[in-house]
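Inside the fold
Take a look at the letters that make up each chain.
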Amino acid sequence: MDTHLTALRGKSVLIVDDSPDMTALLDDVLTASGARVVVAQDGRSAMQLIMDRHFDLVILDIIMPQPDGLAVLRFMQDQCPCLVRQTILLTGAVHHSAIRCLEGLDVCLLLKPFDLRHLRGAACQRALSPTRPAA
């Protein structure tokens, strides 16, 4: 069986994007791979969900109304830094300020439009990464 179809089975995934079309697409793809998906359409809801629940993977749009994805990423760095390495960032455009914010972080960045195979591969890799740094 395809690794992409089994690696996400049972994993809890938070999708954060203000585009209902994008969240529906990602939800369909990840649910078909066996993931349990929760959707947040804004950064504020995402931050609350991150505090209230455990996620194996976060798929986070950078460009959203305030708070944007970078603010959510900074929140994760402060509140649950291990979750940062389990994050895939999505963006339609690369901004130099965003790149500077990402320097030194172990995050995956996918440019829209992206190939769904790349998303699945990145999702599997990120969801299976250890949640705690090695001692």
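Our subject in this report is the structure included herewith. Everything quoted here is computed from the prediction, not taken from an experiment.

**Focus: the pattern of salt bridges**
Considering all chains together, one arrives at 3 salt bridges under this definition. Lys 112 is the salt-bridge partner of Asp 61, the closest N and O atoms lying 3.3 Å from each other. In this pair, Asp 61 sits in strand β3 (residues 57-61) while Lys 112 sits in the loop between β5 (108-111) and α6 (116-127), placing the two residues 51 residues apart along the sequence. Given a relative accessible area of 23%, Lys 112 falls into the partly exposed group. One salt bridge in this structure joins Arg 117 and Asp 115, with 2.6 Å as the shortest N-O distance. Assessed through its relative accessible area of 28%, Asp 115 is described here as partly exposed. Several salt bridges converge on common partners, so that one network encompasses Asp 17, Asp 61 and Lys 112.

**Side note on the pairing of β5**
Regular strands have side chains that alternate between both faces of the sheet. With burial as the criterion, only one face of β5 is covered, namely that bearing Cys 108 and Leu 110; the residues Leu 109 and Leu 111 on the opposite face remain uncovered. In this structure, strand β4 (residues 87-91) lies alongside β5, joined through 4 bridges in parallel fashion. Each residue of the ladder has a partner; that of Leu 90, found in β5, is Leu 110.

Cut-offs applied
- Residues numbered from 1 in each chain as written.
- Predicted model: local features only at pLDDT ≥ 70, side-chain atom pairs only at ≥ 80, totals over all residues.
- Heavy atoms only, no water.
- Salt bridge = Lys/Arg side-chain N within 4 Å of Asp/Glu carboxyl O.
- Helix = DSSP H or I, 4+ residues; strand = E, 2+ residues; numbered from the N terminus.
- Buried < 20%, exposed > 50% of the residue type's maximum accessible area, 1.4 Å probe, protein only.
- Pairing = 2+ DSSP bridges.

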